[in-house]
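# Observations on chain architecture
The chain contents come next:
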Number of protein chains: 2
Amino acid sequence: MINSISNRQVKEILKLQKQPKYRRSTGLFVAEGLKMLTEAAENGCLVKLYISGTVAGKDNERLEKLCMSCSFETVTDNIFKQLSDTVTTQGVLGIIKQPSYNITDILNCKKHMWLLLDNIQDPGNLGTIMRTAEGAGMSAVIMGKGTADLFNPKTVRSTMGAIFRMPFIYTDDITETIKIIKNKGFNIYGAAMEGSKAYDQADYTKGAGIVIGNEANGISGRVLGYVTEKIHIPMEGKLESLNAAVAAAVIMYEAARQKRGCINISLHNYNK
Amino acid sequence: MINSISNRQVKEILKLQKQPKYRRSTGLFVAEGLKMLTEAAENGCLVKLYISGTVAGKDNERLEKLCMSCSFETVTDNIFKQLSDTVTTQGVLGIIKQPSYNITDILNCKKHMWLLLDNIQDPGNLGTIMRTAEGAGMSAVIMGKGTADLFNPKTVRSTMGAIFRMPFIYTDDITETIKIIKNKGFNIYGAAMEGSKAYDQADYTKGAGIVIGNEANGISGRVLGYVTEKIHIPMEGKLESLNAAVAAAVIMYEAARQKRGCINISLHNYNK
């Protein structure tokens, strides 16, 4: 049983939790909880399992099954507490291979609905966006340089497993990806306060790209130059903006609604 | 200048940040940042201002204006850091009177769109829901017993000022409020996985109540017994549920979309 914080494996886990660079160079990340780890095992991504002393002794069918899928170690409760990123830990933690996708597959996905993130910074927002993107049936989430790291422990947790199911890719220059999607004949809609068209007046039924920008500053000027049309979400009250994950959800679900075959008829035009 | 952690006022601030009960008994709460505090001052809610040493010396027109609105104290940077709930503090913190509303006004609001929260637990979710509710033009947010405290520092921050503009109320028994809204002739839609109708097939144009349940368990069985109809948000992939703030946003914005005069035509029926 691992009982020291200076144990080599313990140090490895802490490094994977704290250092985005180390996660990138190893292609690994850390996640917690039976549900998440079972999903990792089913996807063949689970590399190694760590179990707290208390949990190891308990009769738990799911945990036993999980232990059969890869090598595991037990860790004293005290050390496990220092490794866990959550307040109420389930006492199970794993090192997992990062899923990866290639841009050609992502751009050829037949759903033709791409979410493009320009500099989303909050780990929780990014995870929630991945989760919603799966629910709304997007093809993939394409992230520009500067977007937060998907394998941050908080982000991983917020995806609720979508990290294993939702295709994603980081691109060095998101405008290049936007150009390719436009060349395929799809519109790119950018969520912007000053958008001339309300989000529900855009047509997503033939497929489209949706760009969501940074929490504080919105879509960067350079990226905005490449969108087909700016769209806005009408807001009442004195609110300056919506939360980025909320804005992404409202637009993605409008696209999904239209794609399911519900068509709008505007009874009257309205302006922003 | 306050320079001790055992200063009476410092203790008061920490107590207001940490103890929901103390916030309730005093009717006060703590918030940070120039924007939030300026809004509090404009609403006549700002009681006392605390400024970090560094910030106090700087030439800042907004801060000076704020200091004229109520009494203030300077605090050493070191003590201020211990009071601040954020990583990158602006060095301004205030004690604020809690806004309050009465149920009669809330139920008579002409917008006729009520959001009812049954046991939302995450402070960030609650704040984001308040923020979205303002944007979507809801009448008020009605919270059942067991819902998180709106005046938790994290919740306050997530509202982005909506806490001063969006009417809200806590009720001992949310089913009593639901009964009153139903007696006024409005439908109550409950977001539930097993909802028979998709959220965008419900009619919100004549006004309605929308119930959102707990993050892990959804709407409680007792409350669910009082809804007019259960509605679900269609989900692709293998996702079990959406984030509660996202689900609330998707439904509130569909209601807002319908109220703006965009009517659905279903081209084909679809099932859950």
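In this report, the structure presented in the accompanying data block is examined. (Residues numbered from 1 in each chain as written. Chains lettered and ligands numbered in written order. Predicted model: local features only at pLDDT ≥ 70, side-chain atom pairs only at ≥ 80, totals over all residues. Heavy atoms only, no water.)

All names here are of chain A. Among the five residues in strand 5 (residues 113–117), five count as buried, and that is most of the element. Residues Met 113, Leu 115 and Leu 117 point to one face of strand 5 and Trp 114 and Leu 116 to the other, with burial holding for every one of them. In the sheet, strand 5 pairs with strand 6 (residues 140–144) via four bridges, with the strands oriented parallel. Bridge assignment links Leu 116 to a residue of strand 6, and that residue is Ile 142. (Buried < 20%, exposed > 50% of the residue type's maximum accessible area, 1.4 Å probe, protein only. Helix = DSSP H or I, 4+ residues; strand = E, 2+ residues; numbered from the N terminus. Pairing = 2+ DSSP bridges.)

All names here are of chain B. Spatial ordering of the open sheet is given by 1-4-2-3, a layout of four strands whose pairing is mixed. With one partner strand each, in any of the chains shown, strand 1 (28–32) and strand 3 (72–75) form the two edges of the open sheet. Averaged over neighbouring strand pairs, the angle between their axes works out to 20° when direction is ignored. Sheet topology note: the strand 2 (residues 46–52)/strand 3 ladder contains four bridges and is parallel. The residue of strand 3 that forms the bridge with Tyr 50 is Glu 73. Most of the contacts of helix 3 (residues 34–42) go to strand 4 (residues 92–97), to which it runs at about 30°, and overall it touches strand 1, strand 2 and strand 4. Most of the contacts of helix 5 (residues 61–69) go to strand 2, to which it runs at about 140°, and overall it touches strand 2, strand 3 and strand 4. (Axes fitted to C-alpha atoms, helices over the stretch in contact; angles between N-to-C directions. Contact = heavy atoms within 4.5 Å.)

Time to look at the packing of helix 3 (residues 34–42) of chain A against helix 5 (residues 61–69) of chain A. All names here are of chain A. Contact pair helix 3 / helix 5: the axes reach a minimum separation of 10 Å and the direction vectors enclose 35°. In this structure, helix 3 meets helix 5 at a crossing whose hand is left-handed. For the pair helix 3 and helix 5, contact is made by Leu 34, Lys 35, Leu 37, Thr 38 and Ala 41 and by Arg 62, Leu 63, Leu 66 and Ser 69, respectively. In the contact of helix 3 with helix 5, the residues fall into five nonpolar, two polar and two charged. (Left-handed = near helix turned anticlockwise from the far one by under 90°. Nonpolar A, V, L, I, M, F, W, Y, C, P; charged D, E, K, R; others polar.)

With that out of the way, let us pick up the relation of the copies chain A and chain B. Between chain A and chain B, the superposition needs a rotation of 180° and an axial shift of 0.0 Å, giving an RMSD of 0.0 Å. Those values place the two copies in the arrangement expected of a two-fold rotation axis. Of all interface residues in chain A, 100% are interface residues in chain B too; the two copies therefore contact each other through one and the same surface. (Least-squares fit on C-alpha atoms with pLDDT ≥ 70 in both.)

Okay, the side chain of Asn 243 of chain A next. Within the fold, Asn 243 of chain A resides in the loop between strand 11 (229–232) and helix 12 (244–259). Overall, Asn 243 of chain A belongs to the buried group, its relative accessible area being 13%. Of note is the side chain of Asn 243 of chain A, whose polar atom sits 3.2 Å from the side chain of Asn 125 of chain A. Within the structure, Asn 243 of chain A has its side chain in polar contact with the backbone nitrogen of Ala 245 of chain A (distance 2.8 Å). Each residue touching Asn 243 of chain A, except ones within four places of it in the same chain, is listed here: Asn 125 of chain A together with Thr 128 and Arg 131 of chain B. (Polar contact = N/O pair within 3.5 Å; in protein donor to acceptor, adjacent residues only side chain to side chain.)

Overall, the coordinates contain 14 aromatic pairs over all chains when judged by the stated rule. Summarising the aromatic geometry, the rings of Phe 29 of chain A and Phe 151 of chain A are spaced 4.7 Å apart at their centres and angled 50° between planes, so their arrangement reads as tilted. You can see Phe 29 of chain A sitting in strand 1 (residues 28–32) and its partner Phe 151 of chain A sitting in the loop between strand 6 and helix 9 (153–159), a full 122 residues away along the chain. The exposure class assigned to Phe 29 of chain A is buried, which follows from its relative accessible area of 0%. When the ring of Tyr 199 of chain A is compared with that of Tyr 253 of chain B, the centres are 6.4 Å apart and the planes differ by 80°; the resulting orientation is edge-to-face. Note that Tyr 199 of chain A is positioned in the loop between strand 9 (197–198) and strand 10 (208–212) and Tyr 253 of chain B in helix 12 (residues 244–259), a pairing that runs across two chains. (Phe/Tyr/Trp six-rings, centres within 6.5 Å; stacked < 30°, edge-to-face > 60°.)

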